[in-house]
Amino acid sequence: MAEVATLPPLPDQKTKGWEFTNLSGLDLDSYEPGSAAVSIGSADGAVVLPLREAGESHPELVEGRLGSLAPADDPFVARNDAAWSDGVLVHVPAGVTVAEPIRIEVPLSEDGVALNWRTLVVLEEGAEAEVWEHWSSPNDEVDALLNSVVELRVGQAATLRYVNTQDISEQAWIFATQRAQIERDARLDWTALGFGSANGKVRMETNLAGPGSEARVTGGYAGGPGQHLDYDTTQEHAAPNTNSDLAFRGVLAAGATAVWRGMIRVDPGAQQTDAFQESRNLLLSTDAHADAIPGLEIEADDVRCTHAAAVAQIDRDQLFYLTSRGLDEADAKSLIIEGFLESLVERLAEGPVRDEISAALERRLAEIL
Amino acid sequence: MATPEVVAEKRSLAGINSDYKEKFGFHDSEEGYAYKAPKGLSRELVESISEYKDEPQWMRDFRLKSLEHFENRPTPNWGGNLGQIDFDDIHYFVRASDKNSRDWSEVPEDIKNTFDRLGIPEAERKFLSGVGAQYESEVVYHQVNEKLEAQGVIFTDMDTALREHEDLVREYWATIIPANDNKLAALNSAVWSGGSFVYVPAGVKVEMPLQAYFRINTENMGQFERTLIICEEGADVHYIEGCTAPVYSSDSLHSAVVEICAKKSSRVRYTTVQNWSQNVFNLVTKRAVAHEKATMEWVDCNLGSKLTMKYPSIYLLGPEAHGEILSIAFAGDGQHQDAGGKIIHAAPRTSSSIFSKSISKDGGRATYRGLLEIADGAVESRSKVVCDALLLDEDSRSDTYPTIRIDENDANVGHEATVSKIGDEQLFYLQSRGLDEEEASKMIVNGFIEPVTKELPMEYAVELNRLIELQMEGSIG
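### Quick look at the overall build of chain A
Then, in step 1: Within chain A, the secondary structure is distributed over six helices and 19 strands.
Then, in step 2: Relative to its length of 369 residues, chain A is compact, with a C-alpha radius of gyration of 20 Å against a globular reference of 21 Å.
Then, in step 3: For the C-alpha atoms alone, the extent of chain A along its principal axes is close to 65 × 50 × 40 Å.
Then, in step 4: Partitioning the contacts of chain A with sequence separation of at least 6, the portion at a separation of at least 24 is 83%.

Listed below in C-alpha cells is the structure:
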C-alpha cells in the first residue's frame, strides 16, 4: 500500500502510553481491509444512516464534524481515516428527544479482515438520545482486526446515553479511539463492556468543554486465557463547574492480563471541578495480571479530584462464610464476583440498559469461570 | 493570640529560615579549599579523584566503569526538565580541609562559623551523640560517641570507611544500586565523595538517631555523597539526613546515592529533611532491601531545591518484610517537587504502605510519582498507597502518577488519591474561633501534613512545621 509510507509508525513498548501492550505480533499487512454486514436501526426525528450514504445525502451533517474529535496523528486513527469503509451517522436535531434506543450491530466475522469502523454521533442543542452499539463476532475463532473511531458530540444542554458492548472474537485485534466532547450544561452517560479481543487498546476520552457539563463513565471488562485487555481513559475538564465520574471494574481469570490507565486532567481556569475516577480489579488466579495506572494532572485550585485503584483476589473469609452456608466453592465464587460487579451495575439507571448489561456480565462470567 | 510564648516562638521561628540569605546566604572564602577540581567531567578527573583519595584499584575501576555508563546513557526525558543542567559547568570534587576532625577543637574556624550559624553545636549539646557533618565534598567533622563504638556500631564518612573497613564496604558496595542503574546514579558512582557509612552489628539497637548535616557551599559545585547502611539481623537504627544550603546565583547539582541493607528482623528508618536552596537540582537515587521480617521506613520531606526527582524505593525480599514510605513535598514559586516512592513485593506475606502529602503554592508544581509492584510469588501481600495534595492557588499544579503492577492474585492492594484546596468550612470555623485567615491556613496545612510530621523526631517536626509556616507567610492575598 503506497500511502502506508506517510502514515505514522505503529507504536512499540517504548512509545508513551503503550508500555504495557505488546504489538510485536501485529502484522497489519496480513489483514485485508474489508466490510461487514452492519445493521443500523432507525429513529423518529433523527438521521441514522450508514456514514458513506450520509456523506452523500446529508453532507452538511458530516463535514466539519467527522474527524473533528479524533486525533489524526494517532497511528490507528490515521489508518482508519485512510481506509474506513463502514460507519454510522446519528444526528439528532435541536430539541428532539428520541424515545427508543438506536441500535447498531457491527459484526466482525471474517478471517483476515481489517474492519475500519467509524461512528459519528451528533446531538444538537437540547436533544436527547440513546445509542447502543454492539461489536461482536459469531465465535471466538475469527482471526480479524477491528479498528474503530468513535466521535460523540453532545451539544449544549443535550443528553446522550451511549452504550458500547464489545464481544468480538478472542483471537481478534481491537483498536478503538473514542472521544466525546460535551458542551455547556450537557450530559453524557457512557457505558462500556469489554469481553472479547486478544490484544489491542481501547481509548475512552471525555472532554468537558462547556461550563456545567457532566460525564458519567462506567466500564466493565472480563478476560480469560490468552487475552490482554487495555483500557485508556481520560477525563479532561476544560471548563469550570464540570463534573466527571468514572468507574471501572475488571475480572481476570487464569491467563488473562489487563492494563487500565486513567487520567483526570483539569485545565487552568476549570474551577469548581469535581472529578472522580475508580478502577478495581478482581484476580481469579495466580496466572492473572493487572496493572492500574491512575493519574491526576491538576492546574486549577478550586477542585475536588479523587481517584482510587485496587487489585484484589476473592476474599477468603467471604468464601469460607458462603461455603459454610452450604454453597459449593464454584457457586460461592460466582456469587462473590457478582457482588463485585453489582456496584458497577448499580451505577446504571433501572431499565433496559441495566438489565441487558447485567445479563451480559452474567453470561460472560459463566464463560470464563 | 500573641502570648509571650508565641512571640518568643515567632522570633525563634524567624531564625529558622526567613532571613536565610542574610544568615546562611554567605560565601565562605574559597581560597581555603585544600583541593578543588576544575569544572567538567573527564576520565582524568575521575582518576585524579581516586588517586587523591588513595583508593584501592577496584574502586578506581568502578569509578571509570561508572563514567562510561554515565556517558553512554541519555538524560532522562521524564519528570522534571533536566535539559537545563550543563554537566560541563560543574565542579565535581572539592575538598575543604585535609583531614577529618574527630574533635570539635580541631575543626577549622571558618567551618565552625558555618556550623555555628546552622545551629549544630547547640543541637549537639542537646541531643546529638553521633554527628557526621558534611562540609563541601567531605565529612570534616565527625564524632561517634563511645557508647556507639562500644556496641560495635560503625558510623563514619564513606572515605574513611573505605580505608578502614574495606572488605565490609566492598561486600555491599553498589549491590543495591548498581552503577548502571540510571544516569545520575552512574554519575555519582564515578565522582562520589563523602556520605556516611553505617554498620550496625546483629542485635544492636542504636537508641539515638544518627545524624548528618549536609551543605553545598561552592558555586557550581556538585555534591555527590554516597551512603551505605548495613543493619544486621535483629538490629535497629534510625538515620537522619538534614540538608541546608546557602543561596547561590547559578544552578547547582546534588546527586546522591543511598543504599540500605536491612537484614532479617532488623529495622531501619531513614529520615530526610531536604531544604536545598532554590537553585539546586536534587536528583537522588535511594534504595533499600528488606530481608525476612525486616522493617524499612523512608521518611522523606522535600521543601527546597529547584527540581527534586527522588523516589526512595524498597525491595521486600524476605517473607513478612514490611516497607513504609512517608513523603511530604512543598512546591513554592519556581519549584518542581517530583517525588514519590517505589515498593516491590518480591516475597510472600509482605506488607507496605505509602503515604504522600503534597502542597503546591505560588505557581509551584508538586508531583507524586510512584510504583507499587506485587511480583509473582509474593502471595498474601498487602499494600496501601494514599496520596493527598493541597493546592493553595490557581497558578499551582499538582500531578499524581501512581503505577500499580500486580502479578499475583493473592494480593490486596489499594490506592487512593485526592487533590483539593483548603476547605472553606475549615477556614470559616477557625476564623470564627478568632484566628485570622493566615493563621487558620497555616494551622490547616500543618494539620494536613501531621500524619508525616508526627513520625519525625520532635526537633525535626518542629523545624519542619516552622519552615512550612514560613513558606506559607503572605500566601493569603
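### Notes on the overall build of chain B
Then, in step 1: The helix and strand tally for chain B stands at 13 helices and 23 strands.
Then, in step 2: Buried residues in chain B amount to 52% of all 477 residues.
Then, in step 3: Contacts spanning at least 24 positions in sequence make up 82% of the contacts within chain B whose residues lie at least 6 apart.

### Observations regarding the interface of chain A and chain B
Then, in step 1: Taken together, the contacts link 30 residues of chain A with 30 residues of chain B.
Then, in step 2: Those elements that provide at least two residues to the side of chain A that touches chain B are strand 18 (289-298) and strand 19 (303-313) of chain A.
Then, in step 3: Broken down by element, the residue count for the side of chain A that touches chain B peaks at eleven residues, all from strand 19 of chain A.
Then, in step 4: Looking at the side of chain A that touches chain B residue by residue, the class counts come to 17 nonpolar, seven polar and six charged.
Then, in step 5: Sheet topology note: the strand 19 of chain A/strand 23 (residues 411-420) of chain B ladder contains nine bridges and is antiparallel. Paired with Val311 of chain A across the bridge in strand 23 of chain B is Val413 of chain B.

### Some thoughts on the packing of helix 4 (residues 316-324) of chain A against helix 5 (residues 329-345) of chain A
Residue and element names in this part refer to chain A.
Then, in step 1: Here helix 4 crosses helix 5 at 130 degrees, and the two axes come no closer than 9 Å. By the angle class used here, helix 4 and helix 5 are oblique. In this structure, helix 4 crosses over helix 5, and the sense of that crossing is right-handed. Together, Gln318, Leu319, Leu322 and Thr323 of helix 4 and Glu329, Ala332, Lys333, Leu335 and Ile336 of helix 5 make up the contact between the two elements.
Then, in step 2: Here the contact of helix 4 with helix 5 is built from residues that sort into five nonpolar, two polar and two charged.

### Let's talk about the packing of helix 3 (residues 43-52) of chain B against helix 4 (residues 57-72) of chain B
All names here are of chain B.
Then, in step 1: Contact geometry for helix 3 and helix 4: axes closest at 10 Å, N-to-C directions at 155 degrees. In terms of orientation, helix 3 and helix 4 fall into the roughly antiparallel class. Where helix 3 crosses over helix 4, the handedness of that crossing is right-handed. For the pair formed by helix 3 and helix 4, the contact residues are Arg43, Val46, Glu47 and Ser50 on the first element and Met59, Arg60, Arg63, Leu64 and Leu67 on the second.

### Quick look at the environment of Gln181 of chain A
Residue and element names in this part refer to chain A.
Then, in step 1: Considering the arrangement of structural elements, one finds Gln181 in strand 10 (residues 173-182).
Then, in step 2: Judged by the 22 C-beta atoms lying within 10 Å of it, Gln181 is buried.
Then, in step 3: Placed 34 residues apart in sequence, Gln181 and Ala215 show a C-alpha to C-alpha distance of 9.8 Å.
Then, in step 4: Residue contacts for Gln181: discarding those within four places in its chain leaves Leu69, Arg153, Val154, Asn207 and Ala209.

### Looking at the pairing of strand 21 (residues 381-391) of chain B
All names here are of chain B.
Then, in step 1: Burial within strand 21 is extensive, with eight of its eleven residues counted as buried.
Then, in step 2: Summarising the sheet, strand 19 (residues 351-360) and strand 21 pair through ten bridges and their orientation is parallel. Pairing of Ile354 across the sheet is with Val385, part of strand 21.
Then, in step 3: In this structure, strand 21 lies alongside strand 23, joined through ten bridges in parallel fashion. Counted as the bridge partner of Arg382 is Asn412 from strand 23.

### Brief notes about the pairing of strand 6 (residues 113-123) of chain A
Residue and element names in this part refer to chain A.
Then, in step 1: For strand 6, a buried count of ten out of eleven residues is recorded, marking the element as mostly surrounded by other parts of the structure.
Then, in step 2: The sheet contact formed by strand 4 (residues 86-92) and strand 6 spans seven bridges and is parallel. Following the sheet pairing, Gly87 is matched in strand 6 by Arg118.
Then, in step 3: As judged from the ten bridges shared by strand 6 and strand 8 (residues 145-154), these two strands associate in the parallel manner. In the sheet register, Asn116 faces strand 8, and the bridge partner there is Asn147.

### Quick notes on helix 3 (residues 75-83) of chain A
All names here are of chain A.
Then, in step 1: Buried residues of helix 3: Phe76, Val77, Arg79 and Asn80, and no others. Around the axis of helix 3, the buried residues are gathered within 160 degrees of arc, so they sit on the same side.
Then, in step 2: The inward-facing, buried residues of helix 3 contact strand 6, strand 8 and strand 10.

### Observations regarding the nonpolar core
Then, in step 1: Of all hydrophobic cores here, the largest spans 217 residues; its most connected members are Leu146 of chain A together with Val237 and Ala262 of chain B.
Then, in step 2: Here Ala262 of chain B is in contact with Cys231, Val268, Ala288, Val289, Ala290, His291, Ala294 and Met296 of chain B, once residues within four sequence places are set aside.

### Notes on the environment of Ile357 of chain A
Then, in step 1: Mapped onto the elements, Ile357 of chain A comes out in helix 6 (residues 352-368).
Then, in step 2: Residue classification places Ile357 of chain A among the buried positions, given that 22 C-beta atoms sit within 10 Å.

### As for helix 5 of chain A
All names here are of chain A.
Then, in step 1: The first and last C-alpha atoms of helix 5 sit 24 Å apart over 17 residues, in line with the 24 Å expected at 1.5 Å per residue.
Then, in step 2: Ala332, Ile337, Leu341 and Leu344 are the residues of helix 5 that are buried.
Then, in step 3: For helix 5, the secondary structure elements touched by its buried residues are strand 13 (214-223), strand 15 (243-252), strand 17 (273-283), helix 4 and helix 6.

### Quick word on unusual backbone geometry
All names here are of chain B.
Then, in step 1: Even without glycine at this site, Arg349 takes up a positive phi of about 55 degrees.
Then, in step 2: The topology assignment puts Arg349 in the loop between strand 18 (336-345) and strand 19.
Then, in step 3: The residue Asp362 is not glycine, and still its phi comes out positive at about 50 degrees.
Then, in step 4: Topologically, Asp362 is positioned in the loop between strand 19 and strand 20 (365-374).

### What to know about the confidence of the model for chain B
All names here are of chain B.
Then, in step 1: Mean pLDDT over chain B works out to 80, with 75% of the residues at or above the 70 mark.
Then, in step 2: Across chain B, the secondary-structure element scoring lowest on mean pLDDT is helix 6 (residues 120-126), at 40, and the one scoring highest is strand 16 (residues 313-316), at 98.
Then, in step 3: Here residues 97-102 is a poorly scored stretch, pLDDT under 50, and it has 15 contacts once near neighbours within four places are set aside; other chains count.
Then, in step 4: Note that pLDDT drops below 50 for residues 245-249; the model gives that stretch 17 contacts with residues more than four away or on any other chain.

### Overview of the environment of Gly364 of chain B
Residue and element names in this part refer to chain B.
Then, in step 1: Inspection of the secondary structure puts Gly364 in the loop between strand 19 and strand 20.
Then, in step 2: Separated by 80 residues in sequence, Gly364 and Val284 place their C-alpha atoms 20 Å apart.
Then, in step 3: Ignoring anything within four residues of it in the chain, the contact list for Gly364 reads Ala331, Gly332, Asp333, Gln335 and Ser396.

The rules behind each value
- Residues numbered from 1 in each chain as written.
- Chains lettered and ligands numbered in written order.
- Predicted model: local features only at pLDDT ≥ 70, side-chain atom pairs only at ≥ 80, totals over all residues.
- Helix = DSSP H or I, 4+ residues; strand = E, 2+ residues; numbered from the N terminus.
- Rg over C-alpha atoms; globule rule 2.2 N^0.38 Å.
- Contact = placed C-beta atoms within 7 Å.
- Buried ≥ 20, exposed ≤ 12 C-beta atoms within 10 Å, placed from the backbone.
- Nonpolar A, V, L, I, M, F, W, Y, C, P; charged D, E, K, R; others polar.
- Pairing = 2+ DSSP bridges.
- Axes fitted to C-alpha atoms, helices over the stretch in contact; angles between N-to-C directions.
- Parallel < 35°, antiparallel > 145°, perpendicular 65-115°, else oblique.
- Left-handed = near helix turned anticlockwise from the far one by under 90°.
- Arc of directions from axis to C-beta.
- Core = buried A, V, L, I, M, F, W, Y, C linked by C-beta atoms within 7 Å.
- Expected span 1.5 Å × (residues − 1).
- pLDDT = per-residue confidence, 0-100.

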